[in-house]
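Here is what each chain is made of, one letter per residue.
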Amino acid sequence: TLKLGVLASGSGSNFEAIAHSIAQGQLNAQIQVLIYNKPKAKARERAERLGIPAILLNHRHFRSREALDHEIVNTFKQHDVEWVIMAGWMRIVTPVLLDAYCDRVLNIHPSLLPSFPGVDGVEQALAAGVKVTGCTVHIAKEEVDSGPILMQAAVPILPDDTSETLHARIQVQEHLIFPRAIALAALQYSE
Ligand code: GAR
């Protein structure tokens with residue numbers, strides 16, 4: 001059973017999709033704790049509904065990225081977390097976290113990496129005029145949105161798409177591949 005710690009900044013739909021996959025018996029894992037960084041994050045309400053402990057670590061209350069990451073590591077260690085799942089974590093992570101969980105930090109990004117890294121992967125794909133984009137789950141390395149790719153799904157861009165309609169179509173695929181990529185990462189790690 002994989003012991004997961006989830007990091008989320010926003011709505012938490014990927015967090016909930018992983019929890020559902022576990023509940024359905026499709027992923028042999030347990031979410032030990034959710035850490036969120038914005039007091040109003042909807043992810044917190046989902047955690048409450050799912051009966052998963054949720055802890056607010058407001059990045060504004062830390063003097064550096066490293067200081068925040070230290071507290072994340074402390075919190076995860078206290079909760080016996082073995083794998084870190086960045087599910088819409090809109091902060092740059094440092095070696096403080098990446099070294100504490102070497103090769104065990106997973107990130108999801110709403111584009112087909114290495115295209116369109118950064119905060120606005122959906123908008124970048126729209127602006128570039130590509131006809132296909134998608135989502136990527138990868139092992140996080142220090143450079144933002146880089147690292148070995150575990151799984152990707154392609155999503156068509158339709159003529160009338162806005163970033164909202166496109167992001168919604170991408171998220172359907174994110175919710176499918178993230179739980180499967182977690183299982184794949186664990187398998188690869190144990191080999
Ligand atoms: C997801 O679409 C994820 O790919 C994206 O944030 C969204 C979070 O949605 N992450 C990034 O853009 C990271 N650079 P959620 O809170 O509903 O899971």
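Residues numbered from 1 in each chain as written. Predicted model: local features only at pLDDT ≥ 70, side-chain atom pairs only at ≥ 80, totals over all residues. Heavy atoms only, no water.

- As named in an unreviewed UniProt entry, the chain is Phosphoribosylglycinamide formyltransferase, taken from Spirulina subsalsa FACHB-351.
- What UniProt states about the chain under its Catalytic activity (unreviewed entry) heading is, verbatim, "N(1)-(5-phospho-beta-D-ribosyl)glycinamide + (6R)-10-formyltetrahydrofolate = N(2)-formyl-N(1)-(5-phospho-beta-D-ribosyl)glycinamide + (6S)-5,6,7,8-tetrahydrofolate + H(+)".
- Of the comments in the UniProt record for the chain, the one headed Function (unreviewed entry) reads "Catalyzes the transfer of a formyl group from 10-formyltetrahydrofolate to 5-phospho-ribosyl-glycinamide (GAR), producing 5-phospho-ribosyl-N-formylglycinamide (FGAR) and tetrahydrofolate." (UniProt positions renumbered as here; feature names shortened; annotations may be inferred.)

### Considering the sheet that holds strand 3 (residues 54-56)
Then, number 1: Ordered in space as 3-2-1-4-5-6-7, the seven strands form an open sheet in which the pairing is mixed. Of all strands in the sheet, those bounded by a partner on one side alone are strand 3 and strand 7 (149-156). For this sheet the average axis-to-axis angle between neighbouring strands, irrespective of direction, equals 20 degrees.
Then, number 2: Bridge count between strand 4 (residues 83-86) and strand 5 (residues 105-109): three bridges; the pairing is parallel. Pairing of isoleucine 85 across the sheet is with leucine 106, part of strand 5.
Then, number 3: Contacting strand 1 (2-8), strand 4, strand 5, strand 6 (132-139) and strand 7, helix 6 (residues 163-190) crosses the sheet at an angle of about 160 degrees to strand 7. (Pairing = 2+ DSSP bridges. Helix = DSSP H or I, 4+ residues; strand = E, 2+ residues; numbered from the N terminus. Axes fitted to C-alpha atoms, helices over the stretch in contact; angles between N-to-C directions. Contact = heavy atoms within 4.5 Å.)

### Description of the pattern of salt bridges
Then, number 1: Under the counting rule described, the total for this entry stands at five salt bridges.
Then, number 2: Here glutamate 16 and arginine 46 are joined by a salt bridge, their closest N and O atoms 2.8 Å apart. Taken as a pair, glutamate 16 in helix 1 (residues 13-23) and arginine 46 in helix 2 (residues 42-50) lie far apart in primary sequence, 30 residues in all.
Then, number 3: Relative accessible area serves as the criterion here: at 10%, glutamate 16 is assigned to the buried category.
Then, number 4: What you see here is one network of salt bridges that share partners, running through Glu16, Arg46 and Arg49. (Salt bridge = Lys/Arg side-chain N within 4 Å of Asp/Glu carboxyl O. Buried < 20%, exposed > 50% of the residue type's maximum accessible area, 1.4 Å probe, protein only.)

### Re the packing of helix 1 against helix 6
Then, number 1: Running from amino to carboxyl end, helix 1 crosses helix 6 at an angle of 50 degrees, the nearest separation of the two axes being 9 Å. Of the possible angle classes, the one that applies to helix 1 and helix 6 is oblique. Judged by the sense of rotation from one axis to the other, the crossing of helix 1 with helix 6 is right-handed. For the pair helix 1 and helix 6, contact is made by Ser13, Asn14, Ala17, Ile18 and Ser21 and by Gln171, Glu174, His175, Phe178, Pro179 and Ile182, respectively.
Then, number 2: Considered class by class, the residues forming the contact of helix 1 with helix 6 number five nonpolar, five polar and one charged. (Parallel < 35°, antiparallel > 145°, perpendicular 65-115°, else oblique. Left-handed = near helix turned anticlockwise from the far one by under 90°. Nonpolar A, V, L, I, M, F, W, Y, C, P; charged D, E, K, R; others polar.)

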